[in-house]
Amino acid sequence: MAQARNLMRRAIQEIVDPGPTSIDTLWAHFASRCAYCGVPLVRGERDAHTDHAEPEGGNHLGNLVLACGRCNGDEKRDVHWLEFLRQKAPDATTLKDRQDRIVAWFALNPRTPRAHSPEVEQLQSRCEALVEEFGVACNELKAALRREKERLPHT
């Protein structure tokens, strides 16, 4: 159920703040390597991801970096990119090189703040409330199924 709600929230976010239509320049800029650990990546394989550099920075190309599955999913989570990079870099020179590459990417793809109309904000809030209502209804359904199972004769 939590996974379904997460997917619903991502769908809402993609409507409000759509991701880029192409990430070719991202792959070229990072030379098909993880921006954090430097491991080579193959486009289209399961281990190649785009990661949000700043957790609340949105889906704009300037907030995305190329990342391996381990850095993107297993280790970084919602950590700010610079803090995570400091953990990953084996030495000061590597840290500076990787940091410079990420900062250069941000400079090439500046983020513009997005302000939405009150109508969009109201509809987004309504969608979020529906996600919460879905979670409550799912919990009620689980409880009803447990009660139903308890009433059935055991075989």
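Residues numbered from 1 in each chain as written. Predicted model: local features only at pLDDT ≥ 70, side-chain atom pairs only at ≥ 80, totals over all residues. Heavy atoms only, no water.

To continue, consider the packing of helix α4 (residues 81–88) against helix α5 (residues 92–108). Look at α4 against α5: their axes get within 10 Å of each other, and the N-to-C directions meet at 155°. When the axes of α4 and α5 are compared, the pair comes out roughly antiparallel. The crossing of α4 and α5 is right-handed. Within the contact between the two elements, α4 uses W81, L82, L85, R86 and K88 and α5 uses L95, R98, Q99, I102, V103 and F106. (Axes fitted to C-alpha atoms, helices over the stretch in contact; angles between N-to-C directions. Helix = DSSP H or I, 4+ residues; strand = E, 2+ residues; numbered from the N terminus. Parallel < 35°, antiparallel > 145°, perpendicular 65-115°, else oblique. Left-handed = near helix turned anticlockwise from the far one by under 90°. Contact = heavy atoms within 4.5 Å.)

Burial within strand β2 (residues 64–68) is extensive, with five of its five residues counted as buried. A two-sided burial pattern is seen for β2, the buried positions comprising L64, L66 and C68 on one face and V65 and A67 on the other. Direction of pairing for strand β1 (residues 48–52) relative to β2: antiparallel, over a ladder of five bridges. Residue pairing for β2: T50 is matched across the bridge by L66. (Buried < 20%, exposed > 50% of the residue type's maximum accessible area, 1.4 Å probe, protein only. Pairing = 2+ DSSP bridges.)

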